[in-house]
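Examining the three-dimensional arrangement
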Amino acid sequence: MKRIVFKKKNVLEWEEVPEPTIQGKNQAIVKPLAVSRCDLDIPIVNGDTLMRPGIPVGHEFVGVIVETSPEIENEFPKGTKVIIPFQVSCGLCPECMDGHSKACNSVPPASFYGMGPGAKQFGGALAERIWVPFAKQMLIPMPSSVDAIALAAISDNMVEAWKLVGQWLEKKPKTPVMILGGSASSIALYSASLAVGMGASEVLYIDNDEERLKIANELGATVAPYSSLPKSWTKRFPLIADCHGQKEGWDFCLRSLSTEGIYGCASVHWTNKLEIPYLELYNTGATVKIGKVDSKEFIPKMLEMIEEKKIQPEKVVTATCNFEDAIHAWPEPAVKLVVNMNL
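Read on for an overview of the structure. Position numbers for residues count from 1 along each chain, tracking the sequence in the order it is written. Totals for whole chains, interfaces and linings use every residue, but because this is a predicted model, local features are given only for residues with pLDDT of at least 70 and side-chain atom pairs only at 80 or more, for both listing and counting. Working from all heavy atoms in the structure, the side-chain values ignore hydrogens and water.

Some words on the side chain of serine 155
The following threshold applies: Every helix listed is a DSSP run of H or I at least four residues long, and every strand listed is a run of E at least two residues long, numbered separately from the N terminus. Only protein chains enter the accessibility calculation, which uses a 1.4 Å probe. A residue is then buried if its area is under 20% of the maximum for its type, exposed if over 50%, and partly exposed in between. Between N or O atoms, a polar contact is any pair within 3.5 Å; within protein, one atom must be a potential hydrogen donor and the other a potential acceptor, and residues adjacent in sequence are included only when both atoms are from side chains. Any two residues whose heavy atoms approach within 4.5 Å at even a single point are treated as in contact.
Its place among the elements puts serine 155 in the loop between helix H5 (148-151) and helix H6 (157-171). Its relative accessible area of 0% is what places serine 155 among the buried residues. In terms of polar contacts, serine 155 uses its side chain to reach the backbone carbonyl oxygen of histidine 59, at 3.5 Å. Ignoring any residue separated from it by four or fewer positions in sequence, one finds serine 155 in contact with His59, Glu60, Phe61, Ile84, Pro85, Phe86, Ser295 and Ile299.

Here it is in C-alpha cells:
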C-alpha cells in the first residue's frame, strides 16, 4: 500500500509498504475516510518541533472497518464507520482506568498515529490502511448523521476545544471566555464555536488574521483584531484559551486573567524554560492547565455537542483535497485542511 511520509525538513514523499495485517486478538484494520491536518502538522513538516523526520503523517481521522480479529467481528462488523483516537491505548491499565489513556502503561510514551516515535510502529492516517490494536477499547462508532469531513478532526483539534473551554463551561455555564488565535488556528475556532454553543455569556476572539476573524464572527463570537499584542487585555476574563503559540501570547493571556481565572494552552512550547508572571498570578490566584488532550475520554463529549448542535465543525474546514493531491496540499496554508480519502 502507499502512504505519505515526512522524509526531511519541508519534504513529504510517497512510500510503498506492506498492508497491515491482523496479528492477534482484539485488532482491526481500518480504511481512513477523512484525514484532517492538525494545527501541529505544518510546524512538524517545517522542522519547527522536536519531532524527527522519517515518520508517516496524519493523526486526525475517521475511517471504516475492513477487517477485525474473529472474536470481535460481530461487535465491529466490516463496513462500520469509526472514530479512532490518535493516542494508542489499551483501556485496561491503571492510567487508562483513571481516565488518562494519553499516558497508557501498556504502550511506550508518545504512541501516536502520525507523529512522534510511535508513528513508526503504528503508522499515519495518510495511508490506504491503518492497524488498530486494542480495537474494542479504542474504536468509537461514528454517527451516521455527521459528515466525515466535518468530523475528521474530532480525535485531536476538536477535543482540544473541550479541554480549553468545554469542561469548564459544563461546570460553570455562562462564564465569559476569551480566545487568542494564532498557530493553533483551528483549535481556536473550534473553541469559539463551542463556547458560543454552550452559552458563554461573552466569547471574545482575538486574532491578527482576517480569515480566522471572519470565521470566528460567523461562528457567533465577538472579534477583536490586533496589530501587536498589548501587555494585557482591557478587560480581565475568568476563562482564557491560548491558541497563539508564542511566548508573547502566553504572557498576554496570563496577564489577562481575572481573579482565580482558568488559563488553558493549546500550543506546545518546545522548552522547559517558559517564564510566568508568578507574582501577579500569586496575588490574584490562577489555574494554569497545560498538557496533552484526553482524546479517547473527550471524544464522546464532543459527539454530544455536535449532536446537540452546540458546535459547528463544518465551518472551520477551509480546504479539502483527495489522497492523490494530499502530498502537495498538506504543507500549503489553510486554516483547516481535510483530505477526503474516499474519492
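That was the structure; now back to the text.
Comments concerning the packing of aromatic side chains
Convention followed: Aromatic pairs are defined between Phe, Tyr and Trp rings, using the six-membered ring for Trp, whenever the two ring centres lie within 6.5 Å; interplanar angles under 30 degrees are classed as stacked, those over 60 as edge-to-face, and all others as tilted. Put simply, a charge is over a ring when the Lys NZ or the Arg CZ is close to the ring centre, within 6 Å, and near the line of the ring normal, within 35 degrees.
A complete count under the given rule lists eight aromatic pairs for this structure. For the ring pair tryptophan 14 and phenylalanine 323, a centre distance of 5.1 Å and an interplane angle of 75° mean the geometry is edge-to-face. A residue pair is termed long-range when its members are at least 10 positions apart, and tryptophan 14 in strand E2 (residues 11-16) and phenylalanine 323 in the loop between strand E15 (319-322) and helix H12 (326-329) qualify at 309 residues. You can call tryptophan 14 partly exposed: its relative accessible area is 34%. When its relative accessible area of 9% is taken as the criterion, phenylalanine 323 is described as buried. Within the aromatic cluster, the residues linked to one another by ring pairs are Phe61, Tyr113, Phe122 and Trp131. The ring of tryptophan 14 carries the charged tip of lysine 2 above its face, separated from the ring centre by 4.9 Å. One cation-aromatic arrangement involves lysine 235 over phenylalanine 237; the distance from NZ or CZ to the ring centre is 5.2 Å.

Some points on the environment of glycine 166
Structurally, glycine 166 can be placed in helix H6. C-alpha of glycine 166 to C-alpha of leucine 194: the two residues are 28 residues apart in sequence and 6.9 Å apart in space. Once residues lying within four places of it in the same chain are set aside, the contact partners of glycine 166 are Ala161, Leu194 and Met198.

Re the layout of surface pockets
Note the cut-off: Throughout, the protein atoms alone are placed on a 1 Å grid, and a set of points is a cavity if a 1.4 Å probe fits but cannot get out or a pocket if it is open with protein on both sides within 12 Å along at least five of seven lines; lining residues have an atom within 4 Å of a point. Grid points are joined across faces, edges and corners, and a volume is the space filled by probe spheres set on the points. Gly is placed with the polar residues, together with every amino acid not listed as nonpolar (Ala, Val, Leu, Ile, Met, Phe, Trp, Tyr, Cys and Pro) or charged (Asp, Glu, Lys and Arg).
Roughly 890 Å³ of internal volume is contained in the largest pocket. What lines the largest pocket is a set of 35 residues, among which Ala266, Ser267, Val268, His269 and Trp270 lie closest to the centre. When residues in the lining of the largest pocket are grouped by element, the largest group, three residues, is from H6. A per-class count over the lining of the largest pocket returns 18 nonpolar, eleven polar and six charged. In terms of lining, the second largest pocket is formed by 18 residues, of which the most central are Asp39, Gly182, Ser183, Ser185 and Arg212. Breaking the lining of the second largest pocket down by element, the ones donating at least two residues are helix H1 (41-46) and helix H8 (210-218). Within the lining of the second largest pocket, the residues separate by chemical class into seven nonpolar, five polar and six charged.

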